[in-house]
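Here are the chains, one letter per residue:
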Amino acid sequence: MRTIIVGCGRVGAGLADALSRSGHEVTVIDVSAQAFNRLNADFPGQAVRGDGTDEDVLRRLGAEQADYFFALTEGDNRNTLAAQIAHDALSIPHVIAKINDPVRAAAYRAMGLAVICRTTIMVDALARFVGLPADPTAGDLVAAVVVEPSDEVEVP
Amino acid sequence: MFIIVVGGGKVGYYLTRELLSSGHEVVLLEKDPRRAAEIAHEIGSVVLNRDGCEGKHLAAAGANRAAIVAALTGDDEDNLVVCQMAKHHFDVPRTIARVNSTKNEALFRKLGVDEVINPTRIALGAIEQDIPVHDLLHLAQLSTGGLELVEAQIEADSPAAGRVARDLALPEGCMLFVVIRANVAQAIRSDTTLQPGDKLVALSRTDCQDEVRRLLIGDPAAMAEV
């Protein structure tokens, strides 16, 4: 499986290491070369310094052939832009954007983008710890599988 | 008409002023507290020190009843998110985004932004035009409120030749965007020195264009004889 990861922060680097250990062919992109220090010393994949919101950069890295695309920079808006380039321009089948603002996360989920929202997940975990009922949608990526743009859901 | 402007840089600021003076209801969202305070001092309480990318701030600004949302920040990704949130989450009928990277222009349209304004592309397009020397070239009308994109060609005898951008004392209603030098477009900074042969792209209010032409290119009366 070919996987592109934009943003080599703790989550991006952790995912890159985990996927490459399990045999994925991983390319991780970050604007800062220093970010790659977070990767394991024996990371077998490709680490590329560049702008993951630039369509040309992604094409040069062969992103069109990727099976998975993860937008995991620290900027919600950069992630939504990168993910939509991956989905709409590069037609990558599985695209996920990290969006930490719950309102933006819900809006993009409703538009058909697969979204992971750290805020919702942590709130749910901590609320469950004190005995509140679980939010079944908090960490759910499956329910937010990318749909075709023509099937966009309009939210009132 | 109720219009929400996101981004209180020069474009957002002057657009808001023009819209207000033509009687529209406007809210301007600017996330930088210093800039927000600065322009609030000029145009008053329509300025909110909020990040327009955040759903709750768009809601608080009244996005539910806005006829137009114009995203004019310097960051393409922010402008896209503002427009998409406005369109899909708040059902705003018309969204306008400024894009700076030409690569994003088609993508933004495809992703549902109604109007995409790309100063860079306009400047590049102008390179190929036959540009009349000694006059302002009118590239595009930005809005009905009297803001226009114009281009000026600097000649050796132009008053602006050899001068630094910040020393030009241009009127408040004019902002220099881009200089095209040797067929390459680059942003004009306050310390950019203007050279003969430069083509300048500026956003200018219609009512101060005579002064802009006089300061950049030369005296209109003297030019009538050219």
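The shown structure was predicted, so the numbers you read here are calculated from the model rather than taken from an experiment.

The secondary structure content of chain B amounts to eight helices and eleven strands. The buried share among the 226 residues of chain B stands at 44%. Sequence-distant contacts, at least 24 apart, represent 59% of the contacts inside chain B between residues at least 6 apart.

Let us now look at the overall build of chain A. Counting its secondary structure elements, chain A contains five helices and six strands. Once local pairs closer than 6 in sequence are excluded, the contacts in chain A between residues at least 24 apart make up 49%.

Glancing now at the nonpolar core. Residues Phe69 of chain A together with Ile4, Val69, Ala70 and Ala202 of chain B are the most contacted members of the largest nonpolar core, which totals 105 residues. With seven residues, the top contributor of residues to this core is helix 4 (residues 76–90) of chain B. The two domains that each donate at least three residues to this core are domain 1 (2–117) and domain 2 (122–223) of chain B. With near-sequence residues (within four places) excluded, Ile4 of chain B lies in contact with Val27, Leu29, Ala61, Ala63, Ala66 and Val69 of chain B.

Where strands meet in a sheet, backbone hydrogen bonds hold them as pairs that are either parallel or antiparallel. Residue and element names in this part refer to chain A. The six strands are arranged 3-2-1-4-5-6 in an open sheet whose pairing can be described as parallel. Because the sheet does not close on itself, it has two edges, and the strands there are strand 3 (46–49) and strand 6 (114–116). Along the sheet, successive strands turn relative to each other by an average axial angle of 20 degrees, direction set aside. Bridge analysis of strand 4 (residues 68–71) against strand 5 (residues 94–98) gives four bridges, and the strand direction is parallel. Residue pairing across strands places Ala71 opposite Ala97, the latter belonging to strand 5.

For chain B, mean pLDDT is 87; residues scoring 70 or higher make up 91% of the total. Scored as a whole, the predicted complex attains pTM 0.67, and scored at its interfaces, ipTM 0.78.

A word on the sheet that holds strand 10 (residues 184–187) of chain B. Residues and elements named next belong to chain B. Ordered by their spatial adjacency, five strands build an open sheet running 7-8-11-9-10, and the pairing between neighbours is antiparallel. Two strands bound the open sheet, and with one partner strand each, they are strand 7 (137–141) and strand 10. Adjacent strand axes in the sheet meet at a mean angle of 25 degrees when their direction is disregarded. Note: strand 9 (residues 174–181) against strand 11 (residues 199–205), six bridges, orientation antiparallel. Along strand 11, the bridge assignment pairs Met175 with Leu203. Against the sheet, helix 7 (residues 209–216) contacts strand 8 (147–153), strand 9 and strand 11, and its axis sits at roughly 155 degrees relative to strand 11.

The next subject is the confidence of the model for chain A. Model confidence for chain A is summarised by a mean pLDDT of 89, while 90% of its residues fall at 70 or above. Counted against residues more than four places away or in other chains, residues 143–149 of chain A, with its pLDDT under 50, gives twelve contacts.

Residue and element names in this part refer to chain B. When the terminal C-alpha atoms of helix 4 are compared, their 20 Å separation across 15 residues agrees well with the 21 Å that a helix rising 1.5 Å per residue should span. Most of helix 4 is tucked away, with 15 of its 15 residues classed as buried. Directly beyond the C-terminal end of helix 4, a positive phi value near 55 degrees is found at Asp91.

Residue and element names in this part refer to chain A. Note that strand 1 (residues 2–6) and strand 4 share four bridges and pair parallel. Bridge pairing in strand 4 places Val6 opposite Ala71. On the question of chirality, the crossover connecting strand 4 to the parallel strand 5 by way of helix 3 (residues 76–89) is right-handed.

Moving on, we get to the interface of chain B and chain A. The interface is formed by 16 residues belonging to chain B together with 21 residues belonging to chain A. Of the residues forming the side of chain B that touches chain A, the biggest block, seven residues, is contributed by helix 4 of chain B. Here the side of chain B that touches chain A is built from residues that sort into six nonpolar, three polar and seven charged.

Moving on: the packing of helix 3 of chain A against helix 4 of chain B. Packing of helix 3 of chain A against helix 4 of chain B brings their axes to within 8 Å, and their N-to-C directions diverge by 80 degrees. The angle between the axes of helix 3 of chain A and helix 4 of chain B places the two elements in the roughly perpendicular class. Listed contacts from helix 4 of chain B to Asn77, Arg78, Thr80 and Leu81 of chain A of helix 3 of chain A are Glu77, Asp78, Leu80 and Val81 of chain B. Among the residues forming the contact of helix 3 of chain A with helix 4 of chain B, the class breakdown is three nonpolar, two polar and three charged.

Attention now moves to helix 1 (residues 10–21) of chain B. Count 3.6 residues to each turn of an α-helix, and residues three or four apart come out pointing the same way. All names here are of chain B. With twelve residues, helix 1 extends 16 Å between its outermost C-alpha atoms, agreeing within 8% with the 16 Å of an ideal straight helix rising 1.5 Å per residue. Regarding helix 1, the residues found buried are Val11, Gly12, Tyr13, Tyr14, Leu15, Thr16, Arg17, Glu18 and Leu19. Gly23, located one to two residues past helix 1, shows a positive phi value of around 90 degrees.

A separate point is the environment of Ala152 of chain B. Residue and element names in this part refer to chain B. With respect to the helices and strands, Ala152 occurs in strand 8. Residue class for Ala152 comes out buried when judged on the 27 C-beta atoms lying within 10 Å of it. Residues Ala152 and Leu136, 16 residues apart in the sequence, show an inter-C-alpha distance of 5.0 Å. Apart from residues no more than four positions distant in its own chain, Ala152 is found in contact with Leu136, Leu200, Ala202, Arg213, Leu216 and Ile217.

Residue and element names in this part refer to chain B. Here His138 is to be found in strand 7. His138 gets classed as partly exposed once you count the C-beta atoms within 10 Å, which come to 13. Once residues within four sequence positions are removed from consideration, His138 is found in contact with Glu148 and Val150.

Quick notes on the rules
- Residues numbered from 1 in each chain as written.
- Chains lettered and ligands numbered in written order.
- Predicted model: local features only at pLDDT ≥ 70, side-chain atom pairs only at ≥ 80, totals over all residues.
- Helix = DSSP H or I, 4+ residues; strand = E, 2+ residues; numbered from the N terminus.
- Buried ≥ 20, exposed ≤ 12 C-beta atoms within 10 Å, placed from the backbone.
- Contact = placed C-beta atoms within 7 Å.
- Core = buried A, V, L, I, M, F, W, Y, C linked by C-beta atoms within 7 Å.
- Domains from an automatic or database assignment.
- Pairing = 2+ DSSP bridges.
- Axes fitted to C-alpha atoms, helices over the stretch in contact; angles between N-to-C directions.
- pLDDT = per-residue confidence, 0-100.
- Expected span 1.5 Å × (residues − 1).
- Right-handed = clockwise from strand over helix to strand, strands pointing away.
- Nonpolar A, V, L, I, M, F, W, Y, C, P; charged D, E, K, R; others polar.
- Parallel < 35°, antiparallel > 145°, perpendicular 65-115°, else oblique.

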